[in-house]
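# Chains, contacts and geometry: an overview
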Amino acid sequence: MNIVDQIKEHAQLAIKNVFEQEVGYDLLTVNLTKPEFEGDYTLVLFSFVKQLRKSPEQIGALLGENMVQQFPEMYTGFNVIKGFLNLVVTDAYWINYLQNNYTKSTFTIPQAKAKKIVLEYASPNTNKPLHLGHLRNIFLGWSMAQILHHCGHDVVKTCIVNDRGIHICKSMLAWKKLANGATPQSSNMKGDHFVGHYYVLFENELKAQAQPIIDKIIAGDISGFNDATTTQLEKLTAALAKATEQEKQDKIKDDIKEIGRNQTPIMQEAREMLQQWEAGNEEVLTLWKKMNGWVYEGFDATYNRIGADFAKTYYESETYLPGKKFVEAGLEQGIFYKKEDNSTWVDLTPDGLDEKLLLRGNGTSVYITQDLGLAQEKYDDFKYDESSYVIADEQNYHMKVLKLILQKLGKPYADGIFHLSYGMVELPTGRMKSREGTVVDADDIMDEMAQVAKAKTEELGKVKDFSQAELEELYETIGLGALKFFLLRVDPKKKMIFNPEESIEFQGFTGPFIQYTHARIKSMLREVYPNAELTKEVTALQPKERALVVLLEQYDVIALQAGLEHNPSLIALYAFEVAKVFNSMYADSEYKILKAENEIKKHLRLQISQLTASVIANAMQLLGVKVPERM
RNA sequence: UGGUUUAUAGUUCAAUGGAUCAGAACACUUCACUACGAAUGAAGAGAUACAAGUUCGAAUCUUGUUAAACCAACCA
């Protein structure tokens, strides 16, 4: 049991002994003692002073006395300041902890109420390669799965591939028109980049075709469109004439732009292709399969490089039909309803939301339709207790609606739906936009990071005896480590800013700093392995030794918290703290390890070092970051 | 116009309603390799958007103001 829980139990007992009262476990708060006070852990008394009808100072003194008396092997002393009871834990406790754990290699936490958790992440479109935003998603998802597994749960990683829709048709159409039968092999390009290239070509052509139309409309000429469009344009141009603020004008112009884009011949062609796809046109389907195949080859290479994996991959082309059936079932239950144009809706206004469309008038599905079907399918497949979705925060509303609809239908799994919402990665100039070519490509950034790792490694010249293969592996480990750590060290809920002008740091609060600390410890352990026989008689710790062991003991609590809060950044923060505290001790001439003042001290510090290395390696592995033996 | 979210050193990030000093990292100014690995350590300077309120106590909770992002699509 970790020390915080032990202290809480002891406090409950002491309250019972002294006051003959019960205080709820939830009312007990145990924190680390602030460095400016004496002690290791602090019991906050304010929450139950009223119940015990004494001043905080009196309560603290009585409880402290009782705890020290009852558990002398655990506490040597205490002090009370205002409403805080600071407890000093014995060195014997920490030494005992160290001896029992320093050889440990697995840190998995047993879980009495293990849950079956389906965790969906990555979920790319198949019309363009992965970018930095996807990487945040993938690292976050993979890490969360790892953390939840570490906390004793049964985790199934899944992926939904958005493999159909107008965006795919755009790439297909551009390829058909412009490629002359080129393939990724013949162009010497990675498959996903190859397909993405044609997506860009399509967008360029679209832009060129749309511009004259947009200019014409803004000039006031709205002739030559069908009735519905004409009416829409009349409204927009009228509004534009009236709008005085720049912002408002821009917004209206955006709407006009969208209409202009839709009126282009090339867009019409893309839509026709989508209809042909839905109708099962042989030629279109063949092309679709071929191009998606290229994309999957590219994705697999990237997944393989970063260590992403999935127990099951779902494809939207297969889930959108079950989604429709799912909606029909809801219609029969009377939860959904039809409007006169035959479209299907659900009314969420009683819950403070809007009416939501579920099927178009022509019977085709919309975005949420397939998500409803997929939720059911995943439940049929895995009978989950919790179904987590790693999806950006722009879809908070969508996910709220999804969960609510499932709850309205009385689905047993509805409450287990959890949106692991994360903030978008932005550039200093704002959001990344693929249409404007301001995306940071995933493969490029990984290559860059490996390059920086290479340059730095060669400059330092510490691994000159490595083979070429070992070197390549090391550059990957360090470069990817820096990138993963950079993206995971921030609270997932918050948006983060990435500046491509400044390469990611290798110093300070970074992956390589922690990897370095690990390698440094390993180089000592290669020379001398700690011998527990020699440290049996140790009874006291010096301040920095003690501080480090106290920190290492917290690993379980941190891991549990990270799982509970769905927040890997807690692990990153913790691993950094451990490395920092170790380095501070290591650099201090009072704490020499291999050249310690005597054999006992030497082996004691080696034990601490070994536990440090194991905790670092384990924590980093929860983030998907490898730690090298040498670097 | 409504809903959600965010605002902390020059920059990027921390801080279950808790302490007398809001922590780090980068950048900046110094110092330390004839020291177990300097991808390091040590020292210095620097911040809670604004205004009220709630209470023993507020960066944190409430309200308002200002600014930004997202959502509110028969796009996915």
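Residues numbered from 1 in each chain as written. Chains lettered and ligands numbered in written order. Predicted model: local features only at pLDDT ≥ 70, side-chain atom pairs only at ≥ 80, totals over all residues. Heavy atoms only, no water.

## Description of the overall build of chain A
Along its length, chain A carries 22 helices and 15 strands. When each of the 631 residues of chain A is scored for burial, the buried share is 52%. Sequence separation of 24 or more characterises 74% of the internal contacts of chain A that already satisfy a separation of 6 or more. In chain A, 71 side chains carry a positive charge and 86 a negative one; their mean positions are 1 Å apart. (Helix = DSSP H or I, 4+ residues; strand = E, 2+ residues; numbered from the N terminus. Buried < 20%, exposed > 50% of the residue type's maximum accessible area, 1.4 Å probe, protein only. Contact = heavy atoms within 4.5 Å. Lys, Arg positive; Asp, Glu negative; His and termini not counted. Charge placed at Lys NZ, Arg CZ, Asp CG, Glu CD.)

## Details of the domain arrangement of chain A
The domain boundaries assigned to chain A delineate domain 1 (3–89), domain 2 (166–308) and domain 3 (511–622). The distance between the C-alpha centroids of domain 1 and domain 3 comes to 29 Å. Between domain 1 and domain 3 lies a buried interface of about 400 Å² when both sides are counted; carbon and sulfur atoms form 40% of it. Applying the counting rule to domain 1 against domain 3 returns 1 salt bridge. Note that Arg546 is salt-bridged to Asp40, the shortest N-O span being 2.2 Å. In this assembly, domain 1 and domain 3 are joined by 3 residue pairs in polar contact (both at pLDDT 80 or more). Each residue belonging to the side of domain 1 that touches domain 3 can be placed in one class, and the counts come to 5 nonpolar, no polar and 1 charged. (Domains from an automatic or database assignment. Buried area = accessible area lost by both parts, 1.4 Å probe. Salt bridge = Lys/Arg side-chain N within 4 Å of Asp/Glu carboxyl O. Polar contact = N/O pair within 3.5 Å; in protein donor to acceptor, adjacent residues only side chain to side chain. Nonpolar A, V, L, I, M, F, W, Y, C, P; charged D, E, K, R; others polar.)

## Brief notes about the protein's contact with RNA strand B
Around RNA strand B, the surrounding shell holds 59 residues, and the nearest of these are Thr29, Phe37, Lys462, Tyr586 and Lys595. Contact distances for RNA strand B include 3.0 Å between a base nitrogen and a side-chain N or O atom of Thr42. The contact in question runs from a sugar or linking oxygen of RNA strand B to an N or O atom on the side chain of Arg520, over 2.7 Å. Of all elements in the fold, only β1 (29–32), β4 (84–89), α14 (367–382), α16 (442–460), β15 (496–497), α18 (511–527) and α21 (569–587) reach the threshold of two or more residues within the surface near RNA strand B. Considering each element in turn, the surface near RNA strand B owes the most residues, 7 residues, to α21. Of the residues contributing to the surface near RNA strand B, the split by class is 27 nonpolar, 12 polar and 20 charged. (Near = heavy atom within 4 Å.)

## Thoughts on the pattern of salt bridges
Pairing between side chains of opposite charge can happen when their charged atoms approach one another. As enumerated under the stated definition, the model contains 31 salt bridges in all. The residue Glu316 makes a salt bridge to Arg164 at a minimum N-O spacing of 3.0 Å. A residue pair is termed long-range when its members are at least 10 positions apart, and Glu316 in helix α13 (residues 316–332) and Arg164 in the loop between β6 (154–161) and α6 (166–178) qualify at 152 residues. Here Glu316 matches Arg164 in class, with each residue buried. By sharing partners, the salt bridges in this structure join Glu545, Glu597, Lys601 and Arg605 into a single network.

## Description of the sheet that holds β15
Read from one edge of the open sheet, 3 strands run β14-β13-β15, paired in mixed fashion. Strand pairing shows two members of the sheet lacking a second neighbour, β14 (430–431) and β15, which therefore form its edges. With 2 bridges connecting them, strand β13 (residues 425–427) and β14 associate as antiparallel partners. Counted as the bridge partner of Glu426 is Arg431 from β14. (Pairing = 2+ DSSP bridges.)

## What to know about unusual backbone geometry
Residues other than glycine seldom take positive phi values, yet Ser123 does so here, at roughly 45 degrees. In this structure, Ser123 sits in the loop between β5 (116–120) and α5 (132–150). Overall, Ser123 belongs to the buried group, its relative accessible area being 19%. Of note, Lys383 is a non-glycine position whose phi angle comes to about 45 degrees, a positive value. As for its placement among the helices and strands, Lys383 is situated in the loop between α14 and β11 (386–392).

## Let's talk about the nonpolar core
Judged by nonpolar contacts, the single largest core of 155 residues is most densely connected at Phe48, Leu63, Leu132 and Leu483. If one sorts the elements of this core by residue count, helix α17 (residues 468–488) sits on top with 11 residues. Counting residues in hydrophobic clusters, the runner-up holds 32 residues, among them Val366, Leu374, Ala375 and Leu404. (Core = buried A, V, L, I, M, F, W, Y, C linked by side-chain atoms within 4.5 Å.)

## Here's the deal with the side chain of Thr158
Turning to its location among the elements, Thr158 is positioned in strand β6. Owing to a relative accessible area of 0%, Thr158 belongs among the buried residues under this scheme. Apart from the residues within four sequence positions on either side, Thr158 is in contact with Val118, Leu119, Glu120, Tyr121, Phe310, Lys312, Tyr314, Lys378 and Phe382.

## Thoughts on helix α12 (residues 282–306)
Residues spaced three or four apart along an α-helix point in a common direction, a consequence of the helix completing one turn every 3.6 residues. Compared with an ideal rise of 1.5 Å per residue, which puts 25 residues at 36 Å, α12 spans 36 Å between its outermost C-alpha atoms and is within 8% of the ideal. Turning to α12, its buried residues are Val284, Leu287, Trp288, Met291, Asn292, Trp294, Val295, Gly298, Phe299, Thr302, Tyr303 and Ile306. (Expected span 1.5 Å × (residues − 1).)

## Re the pairing of β6
Counting buried positions along β6 gives 7 out of 8 residues, so the element sits mostly inside the fold. Here β5 pairs with β6 via 5 bridges, running parallel. Bridging across to β6, Val118 finds its partner in Val156. With respect to chirality, the unit in which β5 leads through α5 into the neighbouring parallel β6 is right-handed. Where β6 meets strand β7 (residues 312–315), 4 bridges bridge the pair, whose relative direction is parallel. Bridge pairing in β7 places Thr158 opposite Lys312. (Right-handed = clockwise from strand over helix to strand, strands pointing away.)

## As for the packing of aromatic side chains
The geometry of an aromatic ring pair is captured by the separation of the ring centres together with the interplanar angle, meaning the angle of the planes. All chains considered together, the criterion is met by 21 aromatic pairs. Pairwise contacts between aromatic rings join Tyr121, Phe299, Tyr303 and Phe310 into one cluster. It is Arg164 that lies over the ring of Tyr320; its NZ or CZ is 4.1 Å from the centre. The ring of Tyr379 carries the charged tip of Lys383 above its face, separated from the ring centre by 5.1 Å. (Phe/Tyr/Trp six-rings, centres within 6.5 Å; stacked < 30°, edge-to-face > 60°. Lys NZ or Arg CZ within 6 Å of the ring centre and 35° of its normal.)

## Here's the deal with the packing of helix α1 (residues 3–19) against helix α3 (residues 56–70)
In contact at an axis separation of 9 Å, α1 and α3 are set at 110 degrees when each is read in the N-to-C sense. Accordingly, the angle class assigned to the pair α1 and α3 is roughly perpendicular. Where α1 crosses over α3, the handedness of that crossing is right-handed. When α1 is examined against α3, the residues Ile7, His10, Ala11, Ala14, Ile15, Asn17, Val18 and Phe19 are found in contact with a partner set consisting of Ile59, Leu62, Leu63, Asn66, Met67 and Gln70. Partitioning the contact of α1 with α3 into residue classes produces 10 nonpolar, 4 polar and no charged. (Axes fitted to C-alpha atoms, helices over the stretch in contact; angles between N-to-C directions. Parallel < 35°, antiparallel > 145°, perpendicular 65-115°, else oblique. Left-handed = near helix turned anticlockwise from the far one by under 90°.)

## Looking at the packing of α5 against helix α20 (residues 555–564)
Between α5 and α20, whose axes approach to 9 Å, the crossing angle comes to 125 degrees. Judged by the inter-axis angle, α5 sits oblique to α20. You can see that α5 and α20 cross each other, and the crossing is left-handed. Taken together, the residues of α20 that come into contact with α5 (itself represented by Met144, Ile147, Leu148 and His150) are Tyr555, Ala559, Ala562 and Gly563. Residue composition of the contact of α5 with α20, grouped by class: 6 nonpolar, 2 polar and no charged.

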